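Spelled out, the chains give:
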Amino acid sequence: AVVSTQSTGIIISPNHLHSFLLFVLTLLPLSFICTLPFHTLLALITFLHYLKMPFFETEEVSLFYQTFNWENEHITPIVLIHAFSFPSDSFDEFISSFTIKYPEFARFVYFDMRGHGKTVCKEKVDMSEKVLVKDAIDFIEYLKIDKFCLMGMSTGGRVSYRSAMHFGERVKKLILMTPIPTSGLPLAGQPSNRDAFLSLKEVHLGPYDKFWAHLKLVEGGEYSANAHVWGPKFYEKAKITLSQPNDVLATFYDGYTTPVLDEDLQKVKCPVLITTGDKDFFFDQLVVDFRRKWGGPVFFHAIANSSHFHLVEETLQVVDVVGSFLKKAEK
């Protein structure tokens, strides 16, 4: 959805390209359009529909987003921020199940971070913490919502609590699903760990290629019993959404190693829920996070028989935990 010429540096965003193509079509005679093969017309309509999808435009990025039940303004919106290598539609099953059981809280907005899904970077992909947090803050301001909840998974959890530090009392509740710990990525200072992370990159696939290939074979043990069901699905998404050069991975890795200071945690004034899988590799660090002094009350819940990816492994359990927390925090 991006048209670019290196010689002039021209970038056309999806929204502008949609308007341009509609203008061109109005110049074509109807008799000519009717002669086009059916599959060509269908492809053109599908492409125009894609371009018409909502994007938040900045100088650097066209941020694709979706809303659910947005017209019900009496419900406090929940801003969802996805994990690294999981595009925003990884929340679809959660939203569907949550809406059935807790309709009084079901109003969502969620977006694809840089390097993921349908979001288009107009410059070099930068997935550093500072940039992703700025994107989230700018997007929320664009929505013109006063009070809201934040819910993020893994990298999205880190972006969520960093954003909550900025917004202060505007955030009513903060839900962190296996967030990158406030102490930073584990073993971040060890070059061997950094090299191991970068070595996951394959030439034409996503950076987690070897991880996803392993996950496809897992049917129990460290991951939940249904991991082999959703593993191939997200493996295919990873191949499509995260074909990034190694320097992008280095930027990502190096950007999440800085510990969060106590005075920054105090800026989070709302109730906080931290969830993790009981077999999550961040488990011990997240227990420490739970015991740190945040600016508001903190709750902790470990999802049984699940890993770092419990949102998609044990969706119904997560729905109940989140719904119960929102009800409790309302009192």
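Residues numbered from 1 in each chain as written. Predicted model: local features only at pLDDT ≥ 70, side-chain atom pairs only at ≥ 80, totals over all residues. Heavy atoms only, no water.

Draft legend 1. A look at the overall build of the protein chain. What the protein chain contains, in helices and strands, is 14 helices and 11 strands. The burial tally for the protein chain puts 50% of its 331 residues in the buried class. For the protein chain, the accessible area works out to roughly 15,600 Å², and carbon and sulfur atoms hold 59% of it. (Helix = DSSP H or I, 4+ residues; strand = E, 2+ residues; numbered from the N terminus. Buried < 20%, exposed > 50% of the residue type's maximum accessible area, 1.4 Å probe, protein only. Areas by Shrake-Rupley, 256 points an atom, 1.4 Å probe, with all protein chains shown as cover.)

Draft legend 2. Structural context of helix α6 (residues 155-167). Taking 1.5 Å per residue as the helical rise, α6 with its 13 residues ought to reach 18 Å, and the 18 Å between its terminal C-alpha atoms agrees with that figure. Turning to α6, its buried residues are Thr155, Gly156, Gly157, Arg158, Val159, Ser160, Tyr161, Arg162, Ser163, Ala164, Met165 and Phe167. (Expected span 1.5 Å × (residues − 1).)

Draft legend 3. Structural detail: the pattern of salt bridges. Under the defined criterion, the tally for this structure stands at 9 salt bridges. Across the salt bridge formed by Glu60 and Arg114, the nearest N and O atoms sit 2.8 Å from each other. Here the residue Glu60 occupies a position in the loop between β3 (55-57) and β4 (61-68), and Arg114 occupies one in the loop between β6 (108-111) and β7 (120-121), the gap between them amounting to 54 residues. (Salt bridge = Lys/Arg side-chain N within 4 Å of Asp/Glu carboxyl O.)

Draft legend 4. Seen up close, the nonpolar core. Core analysis: the biggest nonpolar cluster contains 43 residues, and Val79, Phe111, Leu150, Leu174 and Trp294 have the highest contact counts within it. Here this core gets 7 residues from one element, more than from any other, and that element is helix α5 (residues 129-143). If sequence neighbours within four positions are ignored, Leu174 has contacts with Leu150, Ser160, Tyr161, Ala164, Val268, Cys270, Pro271, Val272, Leu273, Trp294 and Phe325. Of all hydrophobic cores here, the second largest spans 29 residues; its members include Ile95, Phe108, Met153 and Ile175. (Core = buried A, V, L, I, M, F, W, Y, C linked by side-chain atoms within 4.5 Å. Contact = heavy atoms within 4.5 Å.)

Draft legend 5. Summary view of the packing of aromatic side chains. Applying the stated criterion across every chain, the model contains 17 aromatic pairs. The interplanar angle of 55° and the centroid separation of 6.0 Å between the aromatic rings of Phe56 and Phe139 together place this pair among those described as tilted. Of the two residues, Phe56 sits in strand β3 while Phe139 sits in helix α5, which places them 83 residues apart along the sequence. Looking at Phe139, the relative accessible area reads 0%, which means it is buried. On the numbers, 6.2 Å between centres and 75° between planes, the contact of Tyr65 with Tyr142 is edge-to-face. (Phe/Tyr/Trp six-rings, centres within 6.5 Å; stacked < 30°, edge-to-face > 60°.)

Draft legend 6. Quick look at the confidence of the model for the protein chain. Mean pLDDT over the protein chain stands at 74; residues scoring 70 or higher make up 63%. Note on residues 1-13: pLDDT under 50 across the span, and 22 contacts to partners over four residues away in sequence or across chains. For residues 200-245, every residue scores under 50 in pLDDT, and the model assigns this stretch 89 contacts once sequence neighbours within four places are set aside. (pLDDT = per-residue confidence, 0-100.)

Draft legend 7. Main features of the environment of Asn69. With respect to the helices and strands, the residue Asn69 is situated in the loop between β4 and β5 (78-81). As for Asn69 and Arg107, which are separated by 38 residues in sequence, their C-alpha atoms are 5.0 Å apart. The contacts of Asn69, once residues within four sequence positions are left out, are Ile75, Ala106 and Arg107. A polar contact is formed between the side chain of Asn69 and the side chain of Asn72, at a distance of 2.6 Å. (Polar contact = N/O pair within 3.5 Å; in protein donor to acceptor, adjacent residues only side chain to side chain.)

Draft legend 8. The pairing of strand β11 (residues 298-303), seen in detail. When strand β10 (residues 272-277) meets β11, the two strands line up parallel, connected through 6 bridges. Directly across from Thr276, in β11, lies its bridge partner Ala302. Regarding the hand of the β-α-β motif, the stretch spanning β10, helix α12 (residues 283-291) and β11 is right-handed. (Pairing = 2+ DSSP bridges. Right-handed = clockwise from strand over helix to strand, strands pointing away.)

Draft legend 9. Representation of the environment of Ser85. If you trace the backbone, Ser85 turns up in the loop between β5 and α4 (92-101). Residue Ser85 is classed as buried on the basis of its relative accessible area, which comes to 0%. In sequence terms Ser85 and Gly115 are 30 residues apart; their C-alpha atoms lie 8.6 Å from each other.

Draft legend 10. Molecular detail of the packing of α5 against α6. Following both chains from N to C, one finds α5 and α6 inclined at 60°, their axes separated by 9 Å at the closest point. It follows that α5 is oblique to α6 by the angle criterion. Crossing of α5 against α6: the hand is right-handed. Along its contact with α5, which presents Glu129, Leu132, Val133, Ala136, Ile137, Ile140 and Glu141, the element α6 presents Thr155, Arg158, Val159, Arg162, Ser163, His166 and Phe167. (Axes fitted to C-alpha atoms, helices over the stretch in contact; angles between N-to-C directions. Parallel < 35°, antiparallel > 145°, perpendicular 65-115°, else oblique. Left-handed = near helix turned anticlockwise from the far one by under 90°.)

Draft legend 11. Examining unusual backbone geometry more closely. Positive phi, normally seen in glycine, also occurs at Asn69, with a value near 60°. With a phi close to 55°, Asn305 is a non-glycine residue in the positive phi region. Position of Asn305 relative to the elements: it lies in the loop between β11 and α13 (310-313).

Draft legend 12. Inspection of the side chain of Asp264 at higher detail. With respect to the helices and strands, the residue Asp264 is situated in helix α11 (residues 262-265). Residue class for Asp264 comes out buried when judged on its relative accessible area of 17%. With near-sequence residues (within four places) excluded, Asp264 lies in contact with Arg162 and Met165.

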